[in-house]
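A structural walkthrough
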There are 4 protein chains.
Amino acid sequence: MITAEKTIFEELESNVRGYCRAWPTVFTTAKGTWLRDEDGKDYLDFFAGAGALNYGHNHPVLKQPLLDYIASDGITHGLDMSTVAKRKLLETLRDTIFAPRGLDYKVQFPGPTGANAVEAALKLARKITGRKTILSFTNAFHGMTLGALSVTGNAAKRAGAGVPLVHATPMPYDGYFDGTTADFQWMERVLDDSSSGFDRPAAVIVETVQGEGGVNVARAEWLRHLAGLCAAREILLIVDDVQMGCGRTGPFFSFEVAGITPDIVTLSKSIGGYGLPMALVLFKPELDQWAPGEHNGTFRGNNPAFVTAQVALEHFWSDDALQTSTLAKGERIEQVLGRLAAEVPGVSLRGRGLVQGVVFDDPSQASKVCQVAFERGLLVETSGSMDEVVKLLPPLTVSDEELDLGLDLLSTAIDTVGGH
Amino acid sequence: MITAEKTIFEELESNVRGYCRAWPTVFTTAKGTWLRDEDGKDYLDFFAGAGALNYGHNHPVLKQPLLDYIASDGITHGLDMSTVAKRKLLETLRDTIFAPRGLDYKVQFPGPTGANAVEAALKLARKITGRKTILSFTNAFHGMTLGALSVTGNAAKRAGAGVPLVHATPMPYDGYFDGTTADFQWMERVLDDSSSGFDRPAAVIVETVQGEGGVNVARAEWLRHLAGLCAAREILLIVDDVQMGCGRTGPFFSFEVAGITPDIVTLSKSIGGYGLPMALVLFKPELDQWAPGEHNGTFRGNNPAFVTAQVALEHFWSDDALQTSTLAKGERIEQVLGRLAAEVPGVSLRGRGLVQGVVFDDPSQASKVCQVAFERGLLVETSGSMDEVVKLLPPLTVSDEELDLGLDLLSTAIDTVGGH
Amino acid sequence: MITAEKTIFEELESNVRGYCRAWPTVFTTAKGTWLRDEDGKDYLDFFAGAGALNYGHNHPVLKQPLLDYIASDGITHGLDMSTVAKRKLLETLRDTIFAPRGLDYKVQFPGPTGANAVEAALKLARKITGRKTILSFTNAFHGMTLGALSVTGNAAKRAGAGVPLVHATPMPYDGYFDGTTADFQWMERVLDDSSSGFDRPAAVIVETVQGEGGVNVARAEWLRHLAGLCAAREILLIVDDVQMGCGRTGPFFSFEVAGITPDIVTLSKSIGGYGLPMALVLFKPELDQWAPGEHNGTFRGNNPAFVTAQVALEHFWSDDALQTSTLAKGERIEQVLGRLAAEVPGVSLRGRGLVQGVVFDDPSQASKVCQVAFERGLLVETSGSMDEVVKLLPPLTVSDEELDLGLDLLSTAIDTVGGH
Amino acid sequence: MITAEKTIFEELESNVRGYCRAWPTVFTTAKGTWLRDEDGKDYLDFFAGAGALNYGHNHPVLKQPLLDYIASDGITHGLDMSTVAKRKLLETLRDTIFAPRGLDYKVQFPGPTGANAVEAALKLARKITGRKTILSFTNAFHGMTLGALSVTGNAAKRAGAGVPLVHATPMPYDGYFDGTTADFQWMERVLDDSSSGFDRPAAVIVETVQGEGGVNVARAEWLRHLAGLCAAREILLIVDDVQMGCGRTGPFFSFEVAGITPDIVTLSKSIGGYGLPMALVLFKPELDQWAPGEHNGTFRGNNPAFVTAQVALEHFWSDDALQTSTLAKGERIEQVLGRLAAEVPGVSLRGRGLVQGVVFDDPSQASKVCQVAFERGLLVETSGSMDEVVKLLPPLTVSDEELDLGLDLLSTAIDTVGGH
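Residues numbered from 1 in each chain as written. Chains lettered and ligands numbered in written order. Predicted model: local features only at pLDDT ≥ 70, side-chain atom pairs only at ≥ 80, totals over all residues. Heavy atoms only, no water.

**Focus: the overall build of chain A**
Our working rule: Per the convention used, a helix needs a DSSP run of H or I reaching at least four residues, while a strand needs a run of E reaching at least two, with both numbered from the N terminus. As a reference, a globule follows 2.2 Å times the number of residues to the power 0.38, and the radius of gyration itself is taken over C-alpha atoms. Relative accessible area decides the class of each residue, using a 1.4 Å probe on protein chains only: under 20% of the type maximum gives buried, over 50% gives exposed, and in between gives partly exposed. Note on contacts: a residue pair qualifies if any of its non-hydrogen atoms lie within 4.5 Å across the two residues. Reported accessibility uses the Shrake-Rupley method at a 1.4 Å probe radius. Residues are deemed covered only where the shown protein chains occlude them. Asp and Glu are treated as the negative residues and Lys and Arg as the positive ones, with His and the ends of the chain left uncounted. By convention, the charge on Lys lies at NZ, on Arg at CZ, on Asp at CG and on Glu at CD.
What chain A contains, in helices and strands, is 14 helices and 18 strands. Its C-alpha atoms give chain A a radius of gyration of 21 Å, near enough to 22 Å, the size a compact globule of 420 residues would have. In terms of overall dimensions, chain A has C-alpha extents of about 60 × 60 × 45 Å along its principal axes. Taken across its 420 residues, chain A has 68% of its residues classed as buried. Taking contacts inside chain A between residues at least 6 apart in sequence as the whole, the part at least 24 apart equals 73%. Of the accessible surface of chain A, which amounts to about 12,500 Å², a share of 50% is contributed by carbon and sulfur atoms. Distance between charge centres in chain A, computed from 37 positive and 52 negative side chains, equals 5 Å.

Structure representation (structure tokens):
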């Protein structure tokens, strides 16, 4: 029956489609931590739109203002015209996010995708410094457009560019050598050696936790060292917080744990609150050297997303309740799965807050676990260079019961696969 | 008063903001061809979200299904999971758009912006052919990410890249030499001369009418010649229909006038119907050589846009009424402004369907006309390499009265500026 | 016997070897216009070391000073140390070449090859202007290193790079459209159109006659137009005189015919006089912005070549006798072969001074003619994008009798091939 | 007086000139290890034409055959025509160099410079593998043309390119971390991590001792590890033996010490024997995938250099006397200067065979030492990223007395400078 129903996807949709292969059903509605398919089956969502649904699906606190806005014929598509919705969003950003953290960032609205925010950040860094090279990190993921792809690690994705990806060089991420080598030994050396063959970079772009790269977690001291290293050499530090921002790791910005202030920050995914396309680039005021219209994009004024973004900031970030609960839930996962990892050979756990990865020594097991989980009603996906990690990204609004249910389903799936 | 209200934009928003400078007010609601600012002033919109609002603002036929979908907790954010909303959209695309035109395109959902669709198209063309160079055209505009920018003409926008833009070469667009030179003399010659210094290209990317480039219109026979030239040399033909598709020039696809079938087509802007971010890449089935996930993007499953896109296709494209009225309205503009152009020295007109450009020999006049028009309640913007063209992009749903009112406001603005 | 003798070449020498295939014999000595192989057979040389032997083989006026210099233990290898031999060369350059022509060029000694001179010229132009793009011309040839190759037209040679050749764009050379299109229509237009998609170039590099490209001759007025066009836009003009300089077209510099003064000039091939490796880059004094050692090369001080270069300049260029005789001999060729071209269908002639090309409508005939000529004792080679041109490059010192003999041998070969 | 004499150099020669600034005199003749200036002053040469004069200046065993060849009108300039001189050279290469070492290399004659040999090697590696990236090493030097520069470390030289240098990435050379990190930890890891962001390279290019980079010596086991690492991953290994080949470190090829057989070897500098421009590329027969003429160069047939090259191979390499004496002299240097280094704080020594570097903790001292040495009649130059190394490159034919004299002069210079 499902086969017949899906004909049109197979018939018309490009081979490039992916998730519909791993999860072969047709979804229809969603609420909170749950998705429902057209056969009425419910799925617990520990995937959260690849991190774009930190507040869950169709959260009622966001939904009603969105409905009201649309019903009242609020501006839908506004490019960068000034609108009431944008004003309210900017005010809330300033008062709820920037002011309490002592930040005075300028806000750019690029096209509404993380890749576009990254492209804008790289362009700005190059413009300001007059340099071309960007330092990225092993196993990084920053997007699929040509500029973003050049700082992305995955070989298969890179090959898709069809042209050589240049002006970017990877450096070892935290833990790349399992602690056997001093942090930044290579990076500092080549930056300070005028015959190293490395051109002086415009910027470093980093994720504080590499989600697509396999839930690799940079330590706070490593991030601080990186920030200091950049500052001392007048290299701009870009934190790509597209997946780890908006509270995924606990605090609103993932870099808060390290006490650093990046020069440039990219946000997307959960910033819109409701899963609507939106992205931001934040940067220190002295870096705001854009000419008007120098970077633009038709959908940079997706006002319905501004509405839900504003309500989300106000509702979830006026106090530290969400941060506290995220950290508590992260600890709950670490407790349950940590115990499991200790018991099952070839399995380990890593993560921060509500991004957690179950790492399998035998990479083939991770995909099997995800498949079994799906069959039992849990959505989780793999990440890592060999798809060896089962990545947990539940909504931050997941209830304790849902969290336990999900961990239970996952544990069973691991048992099942391990039992093969 | 406005100054005080706008403080937050000046305070927080990056210098890169543009339209809010030309139109210094704060918009709040919109309906059909009209925008309203917070002072209650109404503006007639001959700009249509830079071509993203072919069906006007918040069209009631689209609005109600959108509200219903959100209210019923339909999937909002779906990546490329199969959903009921996507199925319905694919079916409508097939039955309403492809089948009547004898097209068997495959459909890719890239990130929800035109630039992303262009990036995907270029990647696919390079992958299929194994070649790197793309031929673009003088005065082309295809987007602001690194790949899209490399095929864009504007020097200031190109400079923003901060790195050399390579693997693309411009060719003369139709009319570049005012007919003094045989069409494709240069392009055909260098393609067929193995010592020309040109590497064999993967693809040609073309707009049938260059909107940003100054409303430059390619003749049907020129497009046919181009298509033939590409076919004979196994070079892929990409029509970027992001701005000119969805009926802007009359037919759904702007290339229908030439009777050609491009290998790859990009759509965005008005495809979502309601101004919501969405984009498509269409290509011949034999070109569907993507590996699963080889190009992706978090917001490629913006299901609310799928809902409005589907309703828009069904409502506006089940018969040829819209096409007929678009052409009639285009003729109305040509009549009125053609007369004006004949009378006012230094002014001429060009366009197709509902994209029309009033060209000023003295480029400075175009901006002045737009400014005066704004003061009188009409939104129009300039385009062209010297901003010498006032570009008219009214919604296709503009009424005859609105059209006449807008042309009247514009004519008066031209008189006013000319009277200086 | 030859087969047996040649074993070592076939056994050890790379497939990349070329001339030894067209001329399958082993040469041993040479004098003036003649080469001798080890079987004692003499060959009349209308090839002159691809233009490196304008004064013939082993000219006695150069040979004796060379022998004396070596015998007296003059410095052989001097990098850019000051030497007596270099001083004498510089003085002669100044007094014999620069002063009479009103030139105040600075002299750079790059590595001793034309490609290296071109690489240095491109680097200098980019350094001075801060721009990256170089405009080259269809059918250009400038060398085989990565920078020189990027401004070279031949597709097979370009493919050898193994990486995309970027930062260079070809423009139509004089006569590319057989006069149907105004000179520089395309080039001027794109340079002056800020939305053409062309980045402002650092320099234009041009050969006044394209030797490898098929003996394409730029008219004096075209060169003047080019020079004016560059000057008006602050684009540097580089004349690559590696093959056409040192009197090949009559005057010492091939651009003298146009009355222009290029910003940068490259010389190599015949500048050493005796066929010894040497190259020069000349540029206006205000362009001498090199830092010490910023471009270098181990063999930039090939002092034996300085000795023969100096004697050659003094002996051949103290008066205008050589220029006069070169032009006269060129006319002699035009007379004889012009008559032949008028008689034989599908054959035409073009050239300037002592570089002349016999063009065959049927490209396959040109190679056959060269082969027959070799068998009869005349060395000539093909050029052009389809090897459709038999290129005549006799030493400028060829005697009238030798010239007539060569033309006779060539005419017979053309007859023979035409008779097939 | 010198000032007046030098006017023409200052007047005409480009600022790019270098050595003539460090050694402000005008040289006239040279013999063996000695140069003489026009004032009759003699200089002991521990520089040897930057490594191009391994057999000293104007060695009589080479000089006479060179004079005879020129006197007898042997072919001077032969491109890649077969000649008697080339045959003899190929036979000697095969019998004297290849056969005793069990090598079956093919021989390419590129343009007569090291940079050209490197450009050819990189092109070939890219052609064969279809990949683009080359791995180079920190502090490498391979030449000044665009391709060679891209694998060179020095920032100032790289900046001279004027365009971004791409398709190459540096890796840490042996000893870059003073042994604190496992060899190849970074390189092996990124090659084997499909998400490292490194594209699979075509080749690795390495110097066994980095001359320009500061006399950095790679250990034999490091070279073996590198060769194994490349072989296991089908990455071609190119040894650039331009400066270290022809016996500089003892054996003919510098890589013999490690017992490895590189896929591709570049030779230039001393290969011509007499300081005449010449270069070779050697590669395994299965890599000889060049098309005829795919890489060429006007001066690739510098036959006088073939003559001296052949005699040099025959005279110096028919037995192991030179290798033995080179190693002995190297030990003599290590003995004398090692003692000095042990006594003088801030001075150390490194090298292999007759390339030795005196390293100064205070970089400014190295230049001062060279200046004092020059004043006392010894030519030595600095190298290293901060010019902190005094590099000793005496001719291999230096006598024991000359060696002691030079070491004495150098020691005194070090004392003098240290005494400041």
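Alright, that's what it looks like, and here's the rest.
**Thoughts on the domain arrangement of chain A**
Much of the literature gives interface size as the accessible area that the parts lose upon coming together. Residue and element names in this part refer to chain A. Applicable threshold: Domain start and stop points were drawn from an automatic or database domain assignment. Buried area is calculated as the accessible area (1.4 Å probe) missing from two parts once they are joined, with the contributions of both summed. By definition here, a salt bridge exists when the distance from a side-chain nitrogen of Lys or Arg to a carboxyl oxygen of Asp or Glu is within 4 Å. Throughout this description, a polar contact denotes any pair of N or O atoms lying within 3.5 Å of each other; where both atoms belong to protein, one of them has to be capable of donating a hydrogen while the other can accept it, and for residues adjacent in sequence the pair is counted only when both atoms sit in side chains.
If you check the domain split of chain A, you get domain 1 (8-59 + 320-418) and domain 2 (74-317). Placing the centre of domain 1 and that of domain 2 at their C-alpha centroids yields a distance of 25 Å. Taken together, the contacts link 32 residues of domain 1 with 32 residues of domain 2. With both chains or domains summed, domain 1 and domain 2 bury close to 2,500 Å², and 52% of this area falls on carbon and sulfur atoms. For the interface between domain 1 and domain 2, the tally reads 1 salt bridge. A salt bridge links Glu212 to Lys391; the shortest N-O distance between them is 2.9 Å. The interface formed by domain 1 and domain 2 holds 20 residue pairs in polar contact (both at pLDDT 80 or more) in total.

**Let's talk about the packing of helix α4 (residues 60-71) of chain A against helix α4 (residues 60-71) of chain B**
This is how the line gets drawn: Lines fitted to C-alpha atoms define the axes here, with helix axes fitted over just the stretch in contact, and angles between the N-to-C directions of these axes take values from 0 to 180 degrees. Angles below 35 degrees are treated as roughly parallel, those above 145 as roughly antiparallel, those between 65 and 115 as roughly perpendicular, and all remaining angles as oblique. In this classification, the charged set is Asp, Glu, Lys and Arg, the nonpolar set is Ala, Val, Leu, Ile, Met, Phe, Trp, Tyr, Cys and Pro, and all remaining amino acids, among them Gly, are polar.
At their nearest, the axes of α4 of chain A and α4 of chain B sit 10 Å apart, and the two run at 170° to each other. The orientation of α4 of chain A relative to α4 of chain B falls into the category roughly antiparallel. Residues Lys63, Leu66, Leu67, Ile70 and Ala71 of chain A of α4 of chain A pack against Lys63, Leu66, Leu67, Ile70 and Ala71 of chain B of α4 of chain B. Its residues assigned to classes, the contact of α4 of chain A with α4 of chain B shows 8 nonpolar, no polar and 2 charged.

**Digging into the sheet that holds strand β18 (residues 389-392) of chain C**
Backbone hydrogen bonds hold the strands of a sheet together, and the pairing may be parallel or antiparallel. All names here are of chain C. Counted only if it meets this: Pairing between strands is defined by DSSP: at least two bridges between them are needed.
In spatial order, the strands read β14-β15-β18-β17; together these 4 strands make up an open sheet with antiparallel pairing. The sheet terminates laterally at β14 (347-352) and β17 (381-383), the two strands that pair on one side only. Across the sheet, the axes of successive neighbouring strands diverge by a mean angle of 30°, strand direction being ignored. Pairing analysis gives 3 bridges linking β17 to β18, with the strands arranged antiparallel. What sits directly across from Thr382, in β18, is Val390.

**Considerations on the relation of the copies chain B and chain C**
Counted only if it meets this: The copies were overlaid with a least-squares fit restricted to C-alpha atoms from residues scoring a pLDDT of at least 70 in each copy.
When chain B is fitted onto chain C, the two copies agree to an RMSD of 0.0 Å after a turn of 180° and an axial shift of 0.0 Å. Those values place the two copies in the arrangement expected of a two-fold rotation axis.

**Considerations on the relation of the copies chain B and chain A**
The two chain copies are connected by a rotation around an axis plus a translation along it. Here chain B sits on chain A after a turn of 180° about the axis and a move of 0.0 Å along it, with an RMSD of 0.0 Å. Here 100% of the contact residues of chain B are again contact residues in chain A; the copies associate through an equivalent surface.

**Re helix α12 (residues 321-343) of chain C**
Note the threshold: The span expected for a helix works out to 1.5 Å for each residue beyond the first.
An ideal rise of 1.5 Å per residue puts 33 Å on 23 residues; α12 of chain C measures up with 33 Å between its terminal C-alpha atoms. At its buried positions, α12 of chain C is contacted by α11 (303-317), β14, β15 (355-360), β18 and α14 (400-418) of chain C.

**Re the interface of chain B and chain A**
Counting from both sides, the interface comprises 103 residues of chain B and, opposite them, 103 residues of chain A. Carbon and sulfur atoms supply 61% of the area that chain B and chain A bury against each other, a total of about 9,000 Å² over both sides. Our count for the contact surface shared by chain B and chain A stands at 10 salt bridges. Here Lys86 of chain B ties to Glu13 of chain A by a salt bridge, and the two come within 2.7 Å at their closest N and O atoms. In the side of chain B that touches chain A, the residues fall into 47 nonpolar, 29 polar and 27 charged. As paired elements, strand β4 (residues 82-83) of chain A and strand β1 (residues 26-31) of chain B share 2 bridges and run parallel to each other. Opposite Ser82 of chain A, over in β1 of chain B, you have Val26 of chain B as the bridge partner.

**Observations concerning the sheet that holds strand β3 (residues 42-45) of chain C**
Residue and element names in this part refer to chain C. Here we have 4 strands laid out as an open sheet, ordered β1-β2-β3-β16, and mixed in their pairing. With one partner strand each, in any of the chains shown, β1 (27-31) and β16 (378-379) form the two edges of the open sheet. Sheet analysis places strand β2 (residues 34-37) next to β3, joined by 3 bridges and oriented antiparallel. Note that in β3 the partner of Leu35 across the bridge is Tyr43.

**A look at the interface of chain B and chain C**
Each partner contributes residues to the interface: chain B has 32 residues there, and chain C has 32 residues. Each partner contributes to the roughly 2,700 Å² buried at the junction of chain B and chain C, and carbon and sulfur atoms together form 52% of this total. It is Tyr176, Trp186 and Ser195 of chain B that lose the most area in chain B upon contact with chain C, and together they represent 23% of the buried surface on that side. Run the count over chain B and chain C and you get 2 salt bridges. For the pair chain B and chain C, the interface holds 20 residue pairs in polar contact (both at pLDDT 80 or more). Breaking the side of chain B that touches chain C down by element, the ones donating at least two residues are α8 (155-159), β7 (168-171) and α9 (185-192) of chain B. Sorting elements by how many residues they give to the side of chain B that touches chain C places α9 of chain B first, with 4 residues. Looking at side-chain class alone, the side of chain B that touches chain C contains 12 nonpolar, 15 polar and 5 charged residues.

**Observations concerning the pairing of strand β15 (residues 355-360) of chain A**
Residue and element names in this part refer to chain A. With 6 of 6 residues buried, β15 lies mostly within the body of the structure. In β15, alternate side chains face the same way, and those of Val355, Gly357 and Val359 on one face and Gln356, Val358 and Phe360 on the other are all buried. Pairing analysis gives 6 bridges linking strand β14 (residues 347-352) to β15, with the strands arranged antiparallel. Among the inter-strand pairings, Arg352 is bridged to a residue of β15, identified as Val355. Taking the residues between adjacent antiparallel strands as the criterion, β14 and β15 are bridged by 2 residues, where Gly353 takes a positive phi near 60°.

**So, the pattern of salt bridges**
The full count for this structure, using the stated rule, is 80 salt bridges over all chains. Where Asp263 of chain B meets Lys284 of chain B, a salt bridge forms, and the shortest distance between an N and an O atom there is 3.2 Å. Pair noted here: Asp263 of chain B is in the loop between β11 (236-240) and β12 (264-267) and Lys284 of chain B is in the loop between β13 (280-283) and α11 (303-317), with a separation of 21 residues, a long-range link. What makes Asp263 of chain B buried here is its relative accessible area of 15%. Here Arg36 of chain D and Asp42 of chain D are joined by a salt bridge, their closest N and O atoms 2.7 Å apart.

**Remarks on the packing of aromatic side chains**
Our working rule: Only centres within 6.5 Å qualify two rings of Phe, Tyr or Trp (six-membered ring in Trp) as a pair; their planes then separate them into stacked at under 30 degrees, edge-to-face at over 60, and tilted for everything else.
Applying the stated criterion across every chain yields a total of 78 aromatic pairs over all chains. On the basis of an interplanar angle of 75° and a centroid distance of 6.0 Å, the ring pair of Phe137 of chain A and Tyr173 of chain A is categorised as edge-to-face. Here Phe137 of chain A is found in strand β6 (residues 134-137), whereas its partner Tyr173 of chain A is found in the loop between β7 (168-171) and α9 (185-192), with 36 residues between them in sequence. You'll find Phe137 of chain A and Tyr173 of chain A in the same group, each marked buried. A centroid spacing of 4.4 Å and a plane angle of 5° characterise the contact between Tyr55 of chain D and Phe316 of chain D, whose relative ring orientation is stacked. A residue pair is termed long-range when its members are at least 10 positions apart, and Tyr55 of chain D in the loop between α3 (48-51) and α4 (60-71) and Phe316 of chain D in helix α11 (residues 303-317) qualify at 261 residues. The pair Tyr55 of chain D / Phe316 of chain D is uniform in exposure class, with both members buried.

**Details of unusual backbone geometry**
Phi angles above zero are rare outside glycine, and Lys269 of chain A is one such case at about 45°. The phi torsion at Glu234 of chain D lies on the positive side, around 55°, for a residue other than glycine. With respect to the helices and strands, Glu234 of chain D occurs in the loop between α10 (220-232) and β10 (236-240).

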